[in-house]
Amino acid sequence: MENYRKARTVEQPCPCPFPDLPSNTPEVRVKDGSKIRNLMRFALSRMEEKAPPTDHPGTCEGSEVSVGSGENLCRQIVFTGVGQSVTKAITCVEIMKRRVQGLHQYTKLAYRTVQEVWEPLEPEAGLDSLTVSRNVPSLWVLLSRDSLDTDQPGYQAPGSFDAFWAQALKDESATPRDEQRRKRGGTGAGRAEGAGRGKGPRKHLGRPVKKTHKPLGHAGGVQE
């Protein structure tokens, strides 16, 4: 591809995997250059019955946000991210779940087709344009104040993440301390005892040995 340059990138539209959503459900599309504070300011304003801080409702700096009509309190909100922005979308979801308690969650994974158009550096060389299609993973997360179908794949109940860590801490506290040390690599007195091996001879704990000195001869000569 040294004879080509990337001209443009076109993302094919991907339908929302959550059907039958209300018309006023906000859809926050997280981009690589999106700022989390701007995304959360907009999302919280729709979930806390406040007007969006921008002059144009439904838009947010650094991202693409599409919303329905009306400025009333929204019962549901959708976060989506593609490629490298998936991590930032997950961060926004976790912040939202801690700010607004009791949210039910659906998580869906999909692929979005991205087309890259490459143009030749020297058109007179007889090279044609190239179109490269790539399937990029995308994440869709639905947060809802209302109850959702618990049998659907990707469902997460409110507080289930905190309950997971609480159970993990409970299991760790119930495990004997010696077994925890073995799992962590043997900390404590056992490691301290072996840490000094190989650095020199051990000290004798018995009676001290009395050293004897041989008499020296005359200075500058040899004793006969």
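Residues numbered from 1 in each chain as written. Predicted model: local features only at pLDDT ≥ 70, side-chain atom pairs only at ≥ 80, totals over all residues. Heavy atoms only, no water.

Participant: Report on the overall build of the protein, specifying residues and quantitative values.
Facilitator: In terms of regular secondary structure, the protein is built from five helices and seven strands. Along the protein, from the amino end to the carboxyl end, the secondary structure elements read β-β-α-β-β-α-β-β-β-α-α-α. Taking all 224 residues of the protein together, the buried fraction comes to 26%. For the protein, contacts bridging at least 24 residues in sequence account for 77% of all contacts bridging at least 6. Working note: accessible area of the protein is about 16100 Å², and carbon and sulfur atoms make up 52% of it. (Helix = DSSP H or I, 4+ residues; strand = E, 2+ residues; numbered from the N terminus. Buried < 20%, exposed > 50% of the residue type's maximum accessible area, 1.4 Å probe, protein only. Contact = heavy atoms within 4.5 Å. Areas by Shrake-Rupley, 256 points an atom, 1.4 Å probe, with all protein chains shown as cover.)

Participant: Lay out helix α2 (residues 86–99) with the relevant residues and their values.
Facilitator: The end-to-end C-alpha distance of α2 is 20 Å, a good match for the 20 Å that 14 residues give at a rise of 1.5 Å each. Turning to α2, its buried residues are Val86, Ala89, Cys92, Val93, Met96 and Lys97. Along α2, the residues classed as buried sweep out an arc of 135 degrees about the axis, all on the same side. Away from its buried face by more than 90 degrees, α2 exposes Thr87 and Arg99. (Expected span 1.5 Å × (residues − 1). Arc of directions from axis to C-beta.)

Participant: Let's hear about helix α1 (residues 36–47): which residues, and what values?
Facilitator: Residues that lie three or four places apart on an α-helix share one face, since the helix turns once every 3.6 residues. The terminal C-alpha atoms of α1 lie 16 Å apart, and with 12 residues this matches the ideal 16 Å at 1.5 Å per residue to within 8%. The buried fraction of α1 amounts to nine of the 12 residues, a majority that puts the element mostly inside the structure. Inspection of α1 places Asn38, Leu39, Met40, Phe42, Ala43, Leu44, Ser45, Arg46 and Met47 among the buried residues, and these make up the whole buried set.

Participant: Can you break down unusual backbone geometry residue by residue, with the values?
Facilitator: Backbone geometry places Asp20, a non-glycine residue, at a positive phi of 60 degrees. Position of Asp20 relative to the elements: it lies in the loop between β1 (4–11) and β2 (27–30). The class for Asp20 is exposed, based on a relative accessible area of 80%.

Participant: Requested: an account of the side chain of Gln105, with residues and values cited.
Facilitator: Along the chain, Gln105 falls in strand β5 (residues 104–120). A polar contact of 2.9 Å, which involves the side chain of Gln105, links it to the side chain of Lys97. Filtering out sequence-adjacent residues up to four positions away, Gln105 remains in contact with Val93, Lys97, Val141, Leu142, Leu143, Leu148, Gly154, Tyr155 and Gln156. (Polar contact = N/O pair within 3.5 Å; in protein donor to acceptor, adjacent residues only side chain to side chain.)

Participant: Residue-level account of the packing of aromatic side chains, with values.
Facilitator: Summed over the entire model, instances satisfying the criterion amount to two aromatic pairs. Between Phe18 and Tyr106 the ring centres are 6.4 Å apart and the planes differ by 10 degrees, which places this aromatic pair in the stacked class. Of the two residues, Phe18 sits in the loop between β1 and β2 while Tyr106 sits in strand β5, which places them 88 residues apart along the sequence. Pair check on accessibility: Phe18 and Tyr106 agree, each one buried. An aromatic cluster is built from Phe18, Tyr106 and Tyr155, whose rings are joined through pairwise contacts. (Phe/Tyr/Trp six-rings, centres within 6.5 Å; stacked < 30°, edge-to-face > 60°.)

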